[in-house]
Amino acid sequence: MPTAISCPFCGFSDTVEYAVLLHLERHHNEGNSPFVAETEEIGQGPGDTFMANNPDRLLEYFECPLENCGEVLPIGDLESHLEVHAIEYYGQQPDESVAAAGALSESDWTMTEDSEPSNLGGQASRVKTYYNPIASIASQGQSAPSSDTPEGYQIRQGKKLGKKELGQYHDEERMPNWLISLLKKKVKIDQRGVIPVLQQLLQQSETTSYAYLCHPAARHISKLKREGSFCGYRNIQMLIAYIIDTRAPGNTAFGDDVPSIFQIQDLIENAWDRGIHAVGREELGNIKKTRKYIGTAEAQALLHSLNIRWHMKGISSNKEDDANNNSAETQLYNHVERYFTQAPNVNMQSKVRTTNLPPMYLQHQGHSMTIVGFERNTKGGRSLLVFDPSYSDPSSVVRYVGAGTISYSNPDRVLKVYRRGPKYLSRYRQFEVLSLAQRSPGR
C-alpha cells in the first residue's frame, strides 16, 4: 500500500505527491511560489496578464516538479499543467484529497489574471530558456517564401541557434543512452477512439452551446514517462496517424506504421538534404538522436518532402490589436471555427457537429498540440479542443472507448483535459496553425 505524504502544517495527507504539492502551494506558500502570482504584477484589463504584457519573459521555462513528467513549460502555465495532471491520473471522479488540494477548483472558461512570480526563491536554478519555434513569425506580407519552398512556409532567420533558442541541449550530439532505449522500447502512448467519447461528453455538458469535432479516426499520441519535451514530434505523429488511418494522400509513404521520433528526425534531415527548408540545418545543426526542439518549419519540410500538401496560418497581434478586439487569441478562434464551419455535410442544427476534417497542428511559444475541435459555451465564450501530447487520456475516457452510449455525472471535469480557452491562450500573441490540405470533392 502506498505511503501517505503529510502536510507539515495542517495534517493534510495523500499518497500522490502532486496532490500534496498543490496543497502546499495553494494554502501554505509565502508569496514566492512558482505557482502563485505576485499581485503587484497582475494586469488590470481582461486578459491583460503580466505574461501578455511581457512576452519575452515567456522564454523562461520551469521543469514540472512531478516525477516521471520531465515537461518544461512557461512558468505561468505550471498551475494549470498540474491541474490537468490531477484529472489525467484520477479520471472523472477525483477523491476528496485532490479536491481539497485545490487541483480542480477553476473552470477553463474563466478569464483569469495570471502573472509570473518575480522571485523564484530556491527554485531559481531550475529556470531555463528554451527554443521558441515561432519567435520569428513575420507579420502578414513579410518574409516571402523562397522559390524552392511551397506557399505558406514560415521562414526563420538563417543563423545558428543557441541555448536561448534550443535549450540546454542546444549543442547535444547524442541524447543519453537510457532515453534512447526508452524511446526505442516503448515508442509512444497511442490512444484511438477518443473522439466519439468526446462527442458524448460535449453532448452531455450543460456548459456547451455547440461544438465541432474532427475526423473520428484522430488518435491521441502522448509522451512517455520521463521522456521530457518531444511535443513537436508527437504532434507530427498525430498528423501522420490521421493520414495512415484515413488513407489520405501521402499514406503510401508510411505503410501502416507511424514513424518513431528517430525516424521523424531522419525524414527531416533527408528533407534538408534535398534542399527543402535547408536553412533548418544551419539553424539547428544535427538533430538525429538529440533533444533539440523542433517547430512547424520542420513539420512543413517533412510533409513537403513526401509530397503531402498542407496550409499554414501565421497569427500575431500587438497591444493595439488587443485593444481593438483583434488579439491573437481572437484571431485563432476565428480561424479554427471558420475551418470547421466549412466542412461539407455538417448538420449545423446539432449541438455537437461531427466532421471528417483532419486535425490541425497548433504551435505557440514553447509548446505545440493538436487541435481536434472547437467549442462555444452557453455564455458565448470559445475554446479549442485539443490532444495535448503532454498528457495521456484519463481512465474515465479510455474505459469508454468503443463502449457505445455512456453517461457522465460531471462531463466538464473530464473535458478540462481537452479544453484550451482564454485562461491559457490569452497569454500568447503569436500562433501558427498547420492543416493538411483536404481532398477534392469526389475523391
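Every chain is numbered independently, its residues counted from 1 as its sequence is written. In view of the model being predicted, local features appear only for residues whose pLDDT reaches at least 70, and side-chain atom pairs are presented and counted only at 80 or more, with totals across whole chains, interfaces and linings using the full set of residues. Where side-chain values are given, they derive from all heavy atoms of the structure, hydrogens and water being excluded.

### Some details on the pairing of strand β13 (residues 382-387)
Reasoning step 1: Relative accessibility under 20% of the residue-type maximum defines a buried residue, over 50% an exposed one, and the middle range a partly exposed one, all with a 1.4 Å probe and only protein chains included. Secondary structure elements follow DSSP: runs of H or I of four or more residues count as helices, runs of E of two or more count as strands, with numbering from the N terminus. Most of β13 is tucked away, with 6 of its 6 residues classed as buried.
Reasoning step 2: By the alternation rule, side chains of β13 split into R382, L384 and V386 and S383, L385 and F387, which are all buried.
Reasoning step 3: As paired elements, strand β12 (residues 367-377) and β13 share 6 bridges and run antiparallel to each other. Paired with F374 across the two strands is L384, which belongs to β13.
Reasoning step 4: Between the antiparallel neighbours β12 and β13 lie 4 residues, among them G380 with a positive phi of about 95°.
Reasoning step 5: Pairing of β13 with strand β14 (residues 419-420) involves 2 bridges; the strand directions are antiparallel. From the neighbouring strand, L385 faces β14, where its bridge partner is R419. Whether two strands pair comes down to DSSP finding at least two bridges between them.

### Thoughts on the confidence of the model for the protein
Reasoning step 1: Averaged over every residue, the pLDDT of the protein is 75; the share at 70 or more is 62%.
Reasoning step 2: Per-residue pLDDT stays below 50 along residues 30-59; that stretch engages in 75 contacts with residues further than four places along the chain or on separate chains.
Reasoning step 3: Values of pLDDT, ranging from 0 to 100, describe the predictor's confidence in every residue of the model. A contact between two residues is defined here by any heavy atoms of the two lying within 4.5 Å. Across residues 92-157 the pLDDT falls below 50, and counting only partners more than four positions away or on other chains, this stretch makes 196 contacts in the model.

### Looking at helix α6 (residues 177-186)
Reasoning step 1: Looking only at α6, the buried set comprises L179, I180, L182 and L183. What you see down the axis of α6 is that its buried residues fit within an arc of 160°, all on one side. α6 presents N177, K184 and K185 as exposed residues on the side facing more than 90 degrees away from its buried surface.
Reasoning step 2: Check the buried side of α6 and you find it contacts α8 (231-245) and α9 (261-273).
Reasoning step 3: Remark: V187 follows α6 within two positions and exhibits a positive phi of approximately 65°. What the arc describes is the spread of directions from the helix axis to the C-beta atoms.

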